Amino acid sequence: MSTIVTILLPYLLLYKYWALFGITFIAAFFFPVPPGTLIMASAAFSFQGYFDITWVIIVSILGNILGDNAGYWIARLYGTQMLYRIGLRKTLESPRYQKIQARIVRRPGFIIFISRFEVFTNLAVNLISGLGKVSYRKYLLYESIGEISQVLIYGSIGYIFGSNWQTISSLIGRGLLIIVIIAIVLWLIMRKKD
């Protein structure tokens, strides 16, 4: 279990739903905290009677969706100016970045959906979607479907496996990262053919 999760678990138990909302919001907005692990932990605590699983699911979905939307809108409204000011002009104007951004803007669905399952890609896709001004309706649709799926999957695993959630979490963490990377590579290969 990662150090940050170990630090956050007592807050989760002490402040319950407020902590869960705050952690999922911050993880989706700007700080790479593993929300899936904390959702699994909360669901496992629900199994043990500390939480209500329905509220764990609702609060986690709200925190994730609102955090993603905050990141998207800040990137859309102020992102380019902020990134230019901190010296990332060359990166934003590079052909490689422009190509990635064009792909996400042209067909955002799959990449937005799949990125919800890995914290670093989630933050990057929120930023690129905002900077590229992906249609907000499309962004919200795919982002919401992805977050609901992510919360339901992690919540179900935590609730079903109860006190064994830590073992399952470590297995899923490594495996899911590999699956996300393979999915993104396959998506890029498929798009190259277009």
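Up top is the structure these notes are about.
The notes below deal with the structure included here.

**Remarks on helix 8 (residues 136-161)**
In an α-helix, one turn spans 3.6 residues; hence positions three or four apart end up facing the same way. For helix 8, spanning 26 residues, the distance from its first C-alpha to its last is 37 Å, which sits close to the expected 38 Å at 1.5 Å a residue. Considered for burial, the residues of helix 8 that qualify are Tyr139, Glu143, Ser144, Gly146, Glu147, Gln150, Val151, Tyr154, Gly155, Ile157 and Gly158. Directly after helix 8, the chain includes glycine 162, whose backbone phi takes a positive value near 50°.

**As for a nonpolar patch on the surface**
Nonpolar side chains collect at one region of the surface, where Ile7, Tyr11, Leu14, Tyr15 and Trp18 lie side by side and expose about 670 Å² of accessible area between them. Assignment of secondary structure puts leucine 14 in helix 1 (residues 3-29).

**Some words on the packing of helix 2 (residues 35-47) against helix 3 (residues 53-85)**
How two helices pack is summed up by the angle between their axes together with the distance between the axes. Running from N to C, helix 2 and helix 3 cross one another at 160°; their axes reach a closest spacing of 9 Å. The orientation of helix 2 relative to helix 3 falls into the category roughly antiparallel. For the element pair helix 2 and helix 3, the recorded crossing hand is right-handed. For the pair formed by helix 2 and helix 3, the contact residues are Pro35, Ile39, Ser42, Ala43 and Ser46 on the first element and Ile53, Val56, Ser60 and Asn64 on the second.

**With respect to the packing of helix 2 against helix 8**
Running from N to C, helix 2 and helix 8 cross one another at 45°; their axes reach a closest spacing of 7 Å. Classified by the angle between their axes, helix 2 and helix 8 sit oblique to one another. Seen along the crossing, helix 2 lies across helix 8 with a hand that is right-handed. Residues Pro35, Gly36, Ile39, Met40, Ala43, Ala44, Ser46 and Phe47 of helix 2 lie in contact with helix 8, whose contacting residues are Gln150, Val151, Tyr154, Gly155, Ile157, Gly158 and Tyr159. Tallied by class, residues from the contact of helix 2 with helix 8 come to ten nonpolar, five polar and no charged.

**Quick look at the nonpolar core**
If you look at the biggest cluster of nonpolar residues, it comprises 15 residues, and the most contacted ones within it are Leu9, Leu12, Val33, Leu38 and Phe45. Those elements that provide at least two residues to this core are helix 1, helix 2 and helix 3. Sorting elements by how many residues they give to this core places helix 1 first, with eight residues. Setting aside chain neighbours within four positions, we find valine 33 in contact with Ile4, Leu8, Ile23, Ala27, Leu38 and Val119. Among the nonpolar cores identified, the runner-up in size contains 14 residues, and Ala75, Ile112, Ile114 and Val125 belong to it.

**Concerning the packing of aromatic side chains**
In this structure the tally under the stated criterion is twelve aromatic pairs. Note on phenylalanine 25 and phenylalanine 29: the rings are 5.6 Å apart at their centroids and 45° apart in plane angle, and the pair reads as tilted. Note that phenylalanine 25 and phenylalanine 29 are positioned in helix 1 at a spacing of four residues, about one turn of the helix. The exposure class of phenylalanine 25 is partly exposed, given its relative accessible area of 23%. Linked through ring pairs, Tyr17, Phe45, Tyr50 and Phe51 together constitute an aromatic cluster. The ring of phenylalanine 51 has lysine 16 sitting right over it, with the charged end atom 5.8 Å from the ring centre.

Parameters and conventions
- Residues numbered from 1 in each chain as written.
- Predicted model: local features only at pLDDT ≥ 70, side-chain atom pairs only at ≥ 80, totals over all residues.
- Heavy atoms only, no water.
- Helix = DSSP H or I, 4+ residues; strand = E, 2+ residues; numbered from the N terminus.
- Expected span 1.5 Å × (residues − 1).
- Buried < 20%, exposed > 50% of the residue type's maximum accessible area, 1.4 Å probe, protein only.
- Patch = residues over 30% accessible without salt bridge, like charges linked within 9 Å, V, L, I, M, F, W, Y side chains within 5 Å.
- Areas by Shrake-Rupley, 256 points an atom, 1.4 Å probe, with all protein chains shown as cover.
- Salt bridge = Lys/Arg side-chain N within 4 Å of Asp/Glu carboxyl O.
- Axes fitted to C-alpha atoms, helices over the stretch in contact; angles between N-to-C directions.
- Parallel < 35°, antiparallel > 145°, perpendicular 65-115°, else oblique.
- Left-handed = near helix turned anticlockwise from the far one by under 90°.
- Contact = heavy atoms within 4.5 Å.
- Nonpolar A, V, L, I, M, F, W, Y, C, P; charged D, E, K, R; others polar.
- Core = buried A, V, L, I, M, F, W, Y, C linked by side-chain atoms within 4.5 Å.
- Phe/Tyr/Trp six-rings, centres within 6.5 Å; stacked < 30°, edge-to-face > 60°.
- Lys NZ or Arg CZ within 6 Å of the ring centre and 35° of its normal.

Honestly, it's all geometry; don't read function into it.
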